[in-house]
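Spelled out from the first residue to the last, the chains are:
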Amino acid sequence: DKGDTKGAIAVLDAAVSDAEALGEPGTTVLAELLGQRGYAATQLFRLEAAEGDLQRSLKLVGNRSPVTANGLRKHLANLLVLLNRREEAQLQAADLLDSNRKLFGDAHPETARAWVVVGKVAFYQRDEALALSAHDKAERIFKQTLGLPHPDFVDALVTRGAIEYDHGNLDRAVAITRE
């Protein structure tokens, strides 16, 4: 059972209302709640509502919490891909990568996660070279820090499998899928 996403959104709706009533002192909490609701709405393909919440949350967070902002950028980049707004997705992914590199350095799992997003967006922009390069960087970092296989590397494997499939390498695509 994956839980009750619609019920969770109802709870988040009430919490967002409460946080809005707090005014300025509730800004950080409101931003977090909007981010959670935006992510949940994405899972239900309520894409316009999701974008509104994620954009509003990112604006509220501003420079207060770079880690929170980066989580929002990741979700927003993925959402913008779904909305076929790939250039905007690329900007979010680039901002995410730049911020994670500054915050954590080049060899941190959060930077690897950002490379996965960069690669996924590049794939949808039909830039296979960048997609593969970004995922190679993510793979190296994950191997060195968390080990593979790792759940956060799944999007990279899906993209690699799709590229192999597009090139007619069905056996390789299936092998990657099984990883």
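Everything discussed here concerns the structure shown above.
Residues numbered from 1 in each chain as written. Predicted model: local features only at pLDDT ≥ 70, side-chain atom pairs only at ≥ 80, totals over all residues. Heavy atoms only, no water.

Draft legend 1. Molecular detail of the overall build of the protein chain. A tally of helices and strands in the protein chain yields nine helices and zero strands. Taken from the N to the C terminus, the helices and strands of the protein chain come in the order α-α-α-α-α-α-α-α-α. Computed over the C-alpha atoms, the radius of gyration of the protein chain is 17 Å, within 12% of the 16 Å expected from 2.2 N^0.38 for a compact globule of 179 residues. Across its three principal axes, the protein chain shows a C-alpha extent of roughly 55 × 35 × 30 Å. Relative to its full complement of 179 residues, the protein chain shows a buried share of 41%. When contacts within the protein chain are restricted to residue pairs at least 6 apart in sequence, those whose partners lie at least 24 apart make up 50%. In the form shown here, the protein chain has an accessible surface area of approximately 10000 Å², with 52% of it arising from carbon and sulfur atoms. Averaging the positions of the 22 positive and the 26 negative side-chain charges in the protein chain gives two centres separated by 2 Å. (Helix = DSSP H or I, 4+ residues; strand = E, 2+ residues; numbered from the N terminus. Rg over C-alpha atoms; globule rule 2.2 N^0.38 Å. Buried < 20%, exposed > 50% of the residue type's maximum accessible area, 1.4 Å probe, protein only. Contact = heavy atoms within 4.5 Å. Areas by Shrake-Rupley, 256 points an atom, 1.4 Å probe, with all protein chains shown as cover. Lys, Arg positive; Asp, Glu negative; His and termini not counted. Charge placed at Lys NZ, Arg CZ, Asp CG, Glu CD.)

Draft legend 2. Expanded view of the side chain of R160. Within the fold, R160 resides in helix α8 (residues 154–166). Owing to a relative accessible area of 12%, R160 belongs among the buried residues under this scheme.

Draft legend 3. Structural view of the nonpolar core. Ranked by internal contacts, the top residues of the largest apolar core, which has 33 residues, are W115, V121, A138 and F153. If you list the elements that add at least two residues to this core, you get α2 (27–43), α3 (47–61), α4 (66–82), α5 (86–104), α6 (109–124), α7 (128–145) and α8. Every residue in contact with V121, bar those within four places of it in the chain, is listed here: A77, V81, R86, A89, Q90 and A93. Counting residues in each nonpolar core, the second largest holds six residues, with L12, V16, L30 and L33 among its members. (Core = buried A, V, L, I, M, F, W, Y, C linked by side-chain atoms within 4.5 Å.)

Draft legend 4. Structural view of the packing of aromatic side chains. Within the structure shown, the criterion is met by two aromatic pairs. Both rings, one in F123 and one in Y124, keep their centres 5.2 Å apart while their planes meet at 75°; by these two values the pair is edge-to-face. You can call F123 buried: its relative accessible area is 13%. Taking relative accessible area as the criterion, Y124 reaches 35% and is therefore assigned partly exposed. Ring plane angle 75° and centroid distance 6.0 Å describe the contact between F142 and F153, whose orientation is recorded as edge-to-face. Residue F142 is found in helix α7, and its partner F153 is found in the loop between α7 and α8; the two are separated by eleven residues along the sequence. Take F142 and F153: they sit in the same class, and that class is buried. (Phe/Tyr/Trp six-rings, centres within 6.5 Å; stacked < 30°, edge-to-face > 60°.)

Draft legend 5. A look at the packing of α7 against α8. One can describe the packing of α7 onto α8 by two numbers: an axis separation of 10 Å at closest approach and a directional angle of 145°. The interaxial crossing formed by α7 with α8 has left-handed handedness. Here E128, A131, L132, H135, D136 and E139 of α7 come into contact with α8, specifically with D155, A156, T159, R160 and I163. Its residues assigned to classes, the contact of α7 with α8 shows four nonpolar, two polar and five charged. (Axes fitted to C-alpha atoms, helices over the stretch in contact; angles between N-to-C directions. Left-handed = near helix turned anticlockwise from the far one by under 90°. Nonpolar A, V, L, I, M, F, W, Y, C, P; charged D, E, K, R; others polar.)

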